[in-house]
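# Architecture and fold: a report
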Amino acid sequence: ARFQHRTTCAFDCGQLTSVSAWTASLHPYGYTLLLSSIYIKWSHSALNEDALFYRERFKMYFRVFPLVISMALFASQCLAHPLTQSLGNGEDSNHTNELLALVLASSLCQPTLLGGNIVGCSLALNGDVSTPYGPAEGSSTAGDQDGIGNSAQFFVPLGLATNGTSLFVTESFGNDIREISLPGDLVITFAGPGPGSSVSGDTDATGNSARFNAPGAVTTDGTNLYIAELTNNKIRKIDLSTGVVTTLAGPAEGAQTSGDADGIGNSARFTSPSGITTDGTSLYVADADNNKIRKIDIGTGLVTTFAGPVAGDQSPGDLDGTGNAARFSAPAAITTDGVNLYVADKGNNKIRKIVIATAEVTTIAGPAEGSTSSGRTNGTGNAARFNGPAGIATDGTNLYVSDSANDVIRKVVISTAVVTQIAGNVIYGDDDGNGVNASFHSPHGITTDGRYLYVVDTSNNKIRKIQ
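The notes below deal with the structure included here. Keep in mind the model is a prediction, meaning the values are calculated, not measured.

On to the sheet that holds strand β5 (residues 157-162), then. By way of backbone hydrogen bonds, the strands of a sheet pair with one another, either parallel or antiparallel. Taken in spatial order, the five strands line up as β4-β8-β7-β6-β5 in an open sheet, and their pairing is antiparallel. In the strand order of this sheet, the two ends are held by β4 (147-148) and β5, each with one partner.

As structure tokens, this is what we get:
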């Protein structure tokens, strides 16, 4: 069942474009599933001497055949890769190390959907920034039009997540949820008012009949989308197969009452929830104006305070600690690798780590506990500086941070806390290019499809891609 699930997931999640998924997730398990069904039955049969000889021979083939097949398929994919072809054509290329890294990483990693990111494979990025969706480089025209690639328009986009086949974008001024197909580049309005309308509201319904008011962050477990809605102070759920929108937690449809109360479903209260992620069982919400992290049981709708001051206390601060002893200041975004949560603690200009099993909060990067000094210094752990980090994603090995007030994208290696800059420069703008030659204007939501980074370039009204 485990093999079959992984094989099916490789198709469903659209990961066949990834060398790592092609070799590690599909073929070894697919062929093993086929051969094991034969082997298990045969190995438990009563056989004569000749048959026993062939059974032992088959055992050997059973162990080797899936590996040989996967290696052959991996080689064919590798030879077709642009990096390999550029080397084979004799081009003067600096991609040799990148290719080797790709080969090693792809042969070991297994991409998995988790918290609106594809995790499990460390990204090999060269820092090239492009504009695949929204107005082309040099234009920041806002609008609300569906279309392909640069013909689409966004109206102050904010949140971003992926299920591996599509990107999902929240539009805080457009008051809707957009879907971008990968590949295909088609942008449509998945839920909320249709193209050309940005009317706000608070209506549970299907597709374009639903209404939102400043939807902020978005995450997905592959079955549903979950939206942290800033102005309506609630968490909405959207069924991906039907487009049906419901209110999972926070005030019921038609009410926008803010507050700070734990409880089940509509009895819970939030104040400007701005970040959200999921480990598949629970949702974790960065409840920005309440200065805490909330936990929602997806099955029951039970909302509790996971870290930060107890319900009813909204005091900000900058304390490491466990559960209610910890303090945050306007936490803006949150992601998970399944073991830990990682929080962009915007008001404290740092990145926090929360162990899911214990709720222990520590500072992984940025100024040490008690200091909130901003900056844009690369370094290790407490030596690094951020300025209003507003978006965060992970590939399972690294964190990727939209350092919003610095207009740059940063990388944090989880195991070492080393912080580097991937793209952008301190002067905001709208330039495609490599590394510091690219520019952003107030980047927020960020995610990865297992190959590239996608960034919501909020003030430029577009979605950027980093490869």
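Counted according to the given criterion, the structure contains one disulfide. The disulfide bridge from C109 ends at C121, spanning 2.2 Å between sulfur atoms. What sets the handedness of the C109 and C121 disulfide is the S-S torsion sign, and at about 95 degrees it is right-handed. Of the two residues, C109 is situated in the loop between α5 (96-108) and β1 (112-114) and C121 in the loop between β2 (117-119) and β3 (128-133); the sequence distance between them amounts to 12 residues. Relative accessible area serves as the criterion here: at 10%, C109 is assigned to the buried category. The exposure class of C121 is buried, given its relative accessible area of 6%.

Moving on, we come to a nonpolar patch on the surface. Together, I148, L186 and I188 give the surface a local cluster of nonpolar side chains, amounting to about 250 Å² of exposed area. Within the secondary structure, L186 sits in strand β8 (residues 186-191). By relative accessible area, which is 40% here, L186 ends up partly exposed.

Here five strands make up an open sheet; going across it, the order is β23-β27-β26-β25-β24 and the pairing antiparallel. Whereas interior strands pair on both sides, the edge strands pair on one side only; in this sheet they are β23 (379-380) and β24 (389-394). Looking at chain direction, β24 and strand β25 (residues 398-403) are connected through five bridges and run antiparallel. Within the sheet, the bridge partner assigned to G391 lies in β25 and is S402.

To continue, consider the packing of aromatic side chains. Enumeration according to the criterion identifies three aromatic pairs in this entry. Considering the side-chain rings of F155 and F173, the 5.6 Å spacing of their centres and the 80 degrees angle between planes classify their relative orientation as edge-to-face. Placement of F155 in the loop between β4 and β5 and of F173 in the loop between β6 (166-171) and β7 (176-181) is noted, with a sequence separation of 18 residues between them. Between F168 and F190 the ring centres are 5.9 Å apart and the planes differ by 70 degrees, which places this aromatic pair in the edge-to-face class. Pair noted here: F168 is in strand β6 and F190 is in strand β8, with a separation of 22 residues, a long-range link. Taking relative accessible area as the criterion, F168 reaches 1% and is therefore assigned buried. The ring centre of F386 lies 4.9 Å from the NZ or CZ of R410, which sits over that ring. Above the plane of the ring of F440 lies R464, whose end atom (NZ or CZ) is 4.9 Å from the centre.

Right, let's get into unusual backbone geometry. In terms of backbone geometry, most residues other than glycine have negative phi values and most peptide bonds are trans. Of note, the amide linkage connecting L182 to P183 takes the cis form, showing an omega dihedral of -10 degrees. Counting through the fold element by element, P183 comes out in the loop between β7 and β8. Phi at V156 takes a positive value of approximately 55 degrees, unusual for a residue other than glycine.

Quick notes on the rules
- Residues numbered from 1 in each chain as written.
- Predicted model: local features only at pLDDT ≥ 70, side-chain atom pairs only at ≥ 80, totals over all residues.
- Heavy atoms only, no water.
- Pairing = 2+ DSSP bridges.
- Helix = DSSP H or I, 4+ residues; strand = E, 2+ residues; numbered from the N terminus.
- Disulfide = S-S within 2.5 Å.
- Buried < 20%, exposed > 50% of the residue type's maximum accessible area, 1.4 Å probe, protein only.
- Patch = residues over 30% accessible without salt bridge, like charges linked within 9 Å, V, L, I, M, F, W, Y side chains within 5 Å.
- Areas by Shrake-Rupley, 256 points an atom, 1.4 Å probe, with all protein chains shown as cover.
- Salt bridge = Lys/Arg side-chain N within 4 Å of Asp/Glu carboxyl O.
- Phe/Tyr/Trp six-rings, centres within 6.5 Å; stacked < 30°, edge-to-face > 60°.
- Lys NZ or Arg CZ within 6 Å of the ring centre and 35° of its normal.

Geometric values such as these leave the question of function open.
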